[in-house]
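Residue strings, one per chain:
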Amino acid sequence: MGYVPGRGLGKNAQGIIAPIEAKMRKGKGAIGAYGSERTEQSLKDFPIVDSDEDADEEFLKEMSQWRKDPTGGKKKPKYNYKTVEELKAKGTTSLGRKMATPQTELSQVKVIDMTGKEQKVYYSYSQITQKHDIPDDVQSLGKDAKSEGFSLPELEHNLELLIEMTEQEIIQNDRQLQYEKDMVINISHENEKLSEVLEHEGKIIDKLSHILQIVEDCEKRLQPSCENPLTLEECANIFEMLQEKYFEEYKMFDLAELSIAVVFPLLREYFKAWNPLQDNEYGLEVMSKWRKLLERDQLQHGGCDMLSMDPYHRLMWEVWMPSARNIVSQWLPRNCAPMVDFLENWMPVVPLWILDNILEQLVFPKLQREVESWNPLTDTVPIHAWIHPWLPLMQMRLEPLYSPIRNKLSNALQKWHPSDSSAKLILLPWKDVFTPGSWEAFMVKNIVPKLGMCVSEFVINPHQQHMDAFHWVMDWEDMISPSSLIGLLEKNFFGKWLQVLCSWLSNSPNYEEITKWYLGWKSMFSDQVLAHPTVKEKFNEALDIMNRAVTSTVGGYMQPGARENIAYLTHTERRRDFQYEAMQERREAENMAHRGIGVTSTSIPMNFKDLIQAKAEEHNIVFMPLMGKRHEGKQLYTFGRIIIYIDRGVVFVQGEKTWVPTSLQSLIDMAK
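As a starting point, this report considers the structure included with it. (Residues numbered from 1 in each chain as written. Predicted model: local features only at pLDDT ≥ 70, side-chain atom pairs only at ≥ 80, totals over all residues. Heavy atoms only, no water.)

1. Details of the overall build of the chain
Part 1 of the reasoning: Counting secondary structure elements, the chain contains 28 helices and seven strands.
Part 2 of the reasoning: Looking at the chain as a whole, 32% of its 672 residues qualify as buried.
Part 3 of the reasoning: Long-range contacts, defined here as pairs at least 24 residues apart, represent 61% of the contacts in the chain between residues at least 6 apart.
Part 4 of the reasoning: Here the chain has roughly 44200 Å² of accessible surface; of this, 54% comes from carbon and sulfur atoms. (Helix = DSSP H or I, 4+ residues; strand = E, 2+ residues; numbered from the N terminus. Buried < 20%, exposed > 50% of the residue type's maximum accessible area, 1.4 Å probe, protein only. Contact = heavy atoms within 4.5 Å. Areas by Shrake-Rupley, 256 points an atom, 1.4 Å probe, with all protein chains shown as cover.)

2. A short note on the packing of helix H18 (residues 436-446) against helix H19 (residues 448-456)
Part 1 of the reasoning: Here H18 crosses H19 at 40 degrees, and the two axes come no closer than 4 Å. Classified by the angle between their axes, H18 and H19 sit oblique to one another. Contacts from Met 443, Val 444, Lys 445 and Asn 446 of H18 reach H19 at Val 448, Pro 449 and Lys 450. (Axes fitted to C-alpha atoms, helices over the stretch in contact; angles between N-to-C directions. Parallel < 35°, antiparallel > 145°, perpendicular 65-115°, else oblique.)

3. Quick word on the pairing of strand S7 (residues 659-662)
Within a regular strand, side chains alternate between the sheet's two faces.
Part 1 of the reasoning: Taken together, the four bridges between strand S6 (residues 650-654) and S7 define a ladder with antiparallel strand orientation. When the bridges of S7 are listed, Val 651 appears paired with Thr 662. (Pairing = 2+ DSSP bridges.)

4. Observations regarding the sheet that holds strand S5 (residues 642-647)
Part 1 of the reasoning: Pairing is antiparallel in the open sheet, where five strands are placed in the order S3-S4-S5-S6-S7. If you trace the sheet from one side to the other, it starts and ends with strand S3 (623-631) and S7, each paired once. On average, each strand axis in the sheet is tilted by 40 degrees relative to the strand beside it, whichever way the strands run.
Part 2 of the reasoning: In the sheet, S5 pairs with S6 via four bridges, with the strands oriented antiparallel. Bridge pairing in S6 links Ile 646 to Val 651.
Part 3 of the reasoning: Its contacts with the sheet place helix H27 (residues 608-618) against S3, strand S4 (634-639), S5 and S6, and it is angled at close to 135 degrees to S3.

5. Examining the packing of helix H21 (residues 482-492) against helix H22 (residues 494-505)
Part 1 of the reasoning: It is the contact of H21 with H22, at a shortest axis distance of 4 Å, that shows an interaxial angle of 40 degrees. Relative to H22, the element H21 lies oblique. Here Leu 489, Glu 490 and Asn 492 of H21 lie close against H22, whose contacting residues are Phe 494, Gly 495 and Lys 496.
Part 2 of the reasoning: Tallied by class, residues from the contact of H21 with H22 come to two nonpolar, two polar and two charged. (Nonpolar A, V, L, I, M, F, W, Y, C, P; charged D, E, K, R; others polar.)

6. Let's talk about the side chain of Asn 446
Part 1 of the reasoning: Looking at the secondary structure, you find Asn 446 in helix H18.
Part 2 of the reasoning: Engagement of the side chain of Asn 446 in a polar contact is seen with the side chain of Ser 410, the distance being 2.6 Å.
Part 3 of the reasoning: Apart from the residues lying within four places of it in its own chain, the contact partners of Asn 446 are Ser 410 and Leu 413. (Polar contact = N/O pair within 3.5 Å; in protein donor to acceptor, adjacent residues only side chain to side chain.)

7. So, the packing of aromatic side chains
Part 1 of the reasoning: Summed over the entire model, instances satisfying the criterion amount to 39 aromatic pairs.
Part 2 of the reasoning: Measuring from centroid to centroid gives 5.3 Å for Phe 470 and Trp 521, while their planes differ by 85 degrees, and the two rings are edge-to-face. Taken together, the residues Phe 470 in helix H20 (residues 468-474) and Trp 521 in helix H23 (residues 511-523) connect sequence positions 51 residues apart.
Part 3 of the reasoning: Judged by relative accessible area, which is 4%, Phe 470 ranks as buried. (Phe/Tyr/Trp six-rings, centres within 6.5 Å; stacked < 30°, edge-to-face > 60°.)

8. Details of the pattern of salt bridges
It is possible for side chains of opposite charge to pair when their charged atoms get near one another.
Part 1 of the reasoning: Within this structure, the stated rule accounts for nine salt bridges.
Part 2 of the reasoning: Measuring nitrogen to oxygen at the nearest pair gives 2.7 Å for the salt bridge that ties Glu 295 to Arg 291.
Part 3 of the reasoning: When its relative accessible area of 22% is taken as the criterion, Glu 295 is described as partly exposed.
Part 4 of the reasoning: We classify Arg 291 as partly exposed; its relative accessible area is 24%.
Part 5 of the reasoning: Shared partners join several salt bridges into a network, and the residues in it are Arg 268, Arg 314 and Glu 318. (Salt bridge = Lys/Arg side-chain N within 4 Å of Asp/Glu carboxyl O.)

Okay, structure coming up:
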């Protein structure tokens, strides 16, 4: 197993070297009965003293404490002295863990100890912890041992108890003293606070006394028998002074409510003989001043609960409103200017809910009754003259009046003829008042049929043309919708017009006169009408008819230069159309750029070429110049597979024989 003679056992040779020796015991007693049984080899290998021997020595040392000093001398007692400050410090550190009163109670507990041979009585639990085992029945520890000394446990207990009680009393007195000092500090602070409160309350009492004196003085001056009665100006100055000097008290005690008893009688007397329609600014400055003094910072309401109502609102309702109600009841609706001026001047001062009450409960019923009695055929004053001035004030409140007005106008237009221009003067002010749908329906029902009948009766005579009927119809262009006007012309005008043109061309005409006639009729229409696809189509159809007439070989004689004139007219007209379309597209692109719809500030087209380039990028079409290629000095470009050039905002596309103008949308369609 790796043992080497002369060396110890174990991995590091730390064990014993010699084998364990056997030692014979003297008798048949138990282990340890005859003392230590360790051999010399054991003491050599393990020099540690046996724990039993230490225990015996320690036991003997404890027992010797109960005996007299072997030397025969007396032991001097050891005393532990403590100062009052140490006791206070001890009491402070043990605070919360050891209280005075419970300790005193525990020290007075009677405890009976029956654990020994005799019954013993203790007077505190601490005595049990200090109890020593008195070896009364232990045999003498030695030959030279003497009898045990005299002991007075009761006296020792009483002394310890007195000392402990004294310590506790000192600690408790110190705590009580500290508590009393803290109470003195708290009471002094409380005294300072109460002094401040008392001083503040005294100031408030003085202010309230002054306010009460002012109120009593006002009450005395309001009496009829007073020699110096209170005026409205003085009353306003008093309330202004209360707000500035006693603002907190004014808000806390709601002194604005005093105006009900003080100000209301004065204002009733002030507005007693007032006629708002004759002098609509009377009292406006006075009420503006009282609004600043009495109106609270709250939402305006329309309730009639006088207790919760704002003082200023109550003032307007009880003092100002009766005068306004009285004058409205006497007012004639057709004389609207004084009433409108009166309400507009007072609008900044009158609460919103009172103004609504006047408009809805007083003004509107009178307007409604007047509309019911209105006759558009006999009344000399047009209805819009006394209805429209109310639009800024009443707005949508007038909506219920529009339906009976339209019905009365519709009945009045049954026998109307377009030659009577008074109808337009009556209807024009209502165009922006009626909703777009109701206006269009009214026009389609009452005006468009009359205009269509007038156009159908219109005679087109190139040699002696009477334009009155045509002008009657075109005067309504700004009143009816473009679709209604174009439909009317398409149905009743262009068919006859093209028929007259064909008849004229079939009788060896003078083409210069036809050209002038064509251009003259085209000048009779506005740009908005000419831009409509239907009108364009009709005029292009007329150009095609003229081109076919000059290119036809039927007839024999042809006016010299007629073909060239018609071709030039066709080219000019179509070029003008394309220029107009390009301009419209350019405007549309600029508007889109300004609105920021899909176009950044860096991509706004600056000219027509930039617009074409933007459209090409939008539709993924190649647009680039042809190097060294020009036509009549104009740069040629490729737009996809199409060759084009740009001249004064018009795109020209290379055709079979000549260059043809085209629109940008048509160019995109061809490139695709």
